[in-house]
Structures are given as C-alpha cells and as structure tokens.
Amino acid sequence: MQETPNLNYVNQLARGDEAIKNELITVIKTEFPEEKEDYYKSVKEQEFKKIEENVHRLKHKISILGLEKSYKIANEFEHNLRERSLEKQQDFEKILIAITNYIETI
C-alpha cells in the first residue's frame, strides 16, 4: 500500500502557530524540488557519492512529510549506494513522485 504524504509532523512542530507551519511548508516547497533536481543530476552522472548525499538530504523531507515506510526505503537505498548498488532506486523515485504531486496541493 502506498503511503500518503501528510502534514501531521509539520503541525506538531508548529504547535498551532500558522506562521511557523507556513514557513515549514515554504521550506519544503523550496528545498524539495532543488534537492530532487540535484538527485536526478547525480544519477545521470552516475556519481554514487553525490547520489548518496542527495538521498540523505531528501530523507529529511520524507520524514517531515510523515512517510515512515518510505523513509526506511530511502535508508536502504542510501545504504545500497555505499555498496555502489542502485537497488531500491525505483522505489525511491516513486516516493519522489508522490511528494512532488503532494506539495503541489499544499
């Protein structure tokens, strides 16, 4: 079953403060597309160390958006990259698509 991104954790952090919530959402909407672009660029160039760094950065957005199972997949993919393996890449990229679609709605 596909997980759905959500703002539960963002709401927890904001503690009812709309300004903080909006700031966190703005950070996600600004940083995620840049980090995703860096990720795809490093994949295209097959630079395993950079791919791993990008996955590591993207993991933070995954966890902030409440995607626990997806976080585990990202973690496994990051670990596989250390072994120069792209196993879990497709699963990871499905997560990126889900987040991309979601942040367009918030």
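Rules used in this analysis
- Residues numbered from 1 in each chain as written.
- Predicted model: local features only at pLDDT ≥ 70, side-chain atom pairs only at ≥ 80, totals over all residues.
- Heavy atoms only, no water.
- Salt bridge = Lys/Arg side-chain N within 4 Å of Asp/Glu carboxyl O.
- Helix = DSSP H or I, 4+ residues; strand = E, 2+ residues; numbered from the N terminus.
- Buried < 20%, exposed > 50% of the residue type's maximum accessible area, 1.4 Å probe, protein only.
- Core = buried A, V, L, I, M, F, W, Y, C linked by side-chain atoms within 4.5 Å.
- Contact = heavy atoms within 4.5 Å.
- pLDDT = per-residue confidence, 0-100.

**Student:** Explain the pattern of salt bridges to me, please; I cannot follow it from the model alone.
**Tutor:** Side-chain pairs of opposite charge can arise whenever the charged atoms involved come near each other. Per the stated rule, a full pass over the model turns up 9 salt bridges. Its salt-bridge partner being K61, residue E35 comes within 3.2 Å of it at the nearest N-O pair. Residue E35 is located in helix α2 (residues 18–44), and its partner K61 is located in helix α3 (residues 48–64); the two are separated by 26 residues in the primary sequence. Here K59 makes a salt bridge to E78, at a shortest N to O gap of 2.6 Å. With a gap of 19 residues between them, K59 in helix α3 and E78 in helix α4 (residues 68–82) connect regions that are remote in the sequence. The exposure class of K59 is buried, given its relative accessible area of 6%. Given the relative accessible area of 4%, E78 is considered buried.

**Student:** Can you walk me through the nonpolar core in this structure?
**Tutor:** With 23 residues, the main nonpolar core has Y39, V55, F92 and I99 as its most contacted residues. Elements supplying a minimum of two residues to this core: α2, α3, α4 and α5 (89–103). Per-element accounting of this core gives the leading share, 6 residues, to α5. Other than its neighbours up to four places away in sequence, Y39 contacts I51, N54, V55, L58, F77, Q89, F92, E93 and L96.

**Student:** Help me out: how do you make sense of the environment of N11 in this one?
**Tutor:** Within the element layout of this structure, N11 appears in helix α1 (residues 8–14). Taking the relative accessible area as the measure of exposure, N11 reaches 34% and is therefore partly exposed. Once the C-alpha coordinates of N11 and L24 are considered, the two residues, 13 residues apart in sequence, prove to be 9.4 Å apart. Apart from residues no more than four positions distant in its own chain, N11 is found in contact with G16 and K21.

**Student:** What is the right way to look at the confidence of the model for the chain in this model?
**Tutor:** Detailed reading of the predicted model is not advised wherever pLDDT is low. Overall, the predicted model of the chain reaches an average pLDDT of 96, with 98% of residues at or above 70. No element of the chain has a lower mean pLDDT than α1, which averages 96, and none a higher one than α4, which averages 98.

**Student:** Which parts of the structure should I look at to understand the side chain of N80?
**Tutor:** With respect to the secondary-structure elements, N80 resides in helix α4. Those residues in contact with N80, other than ones at most four positions away along the chain, are S85, E87 and K88.

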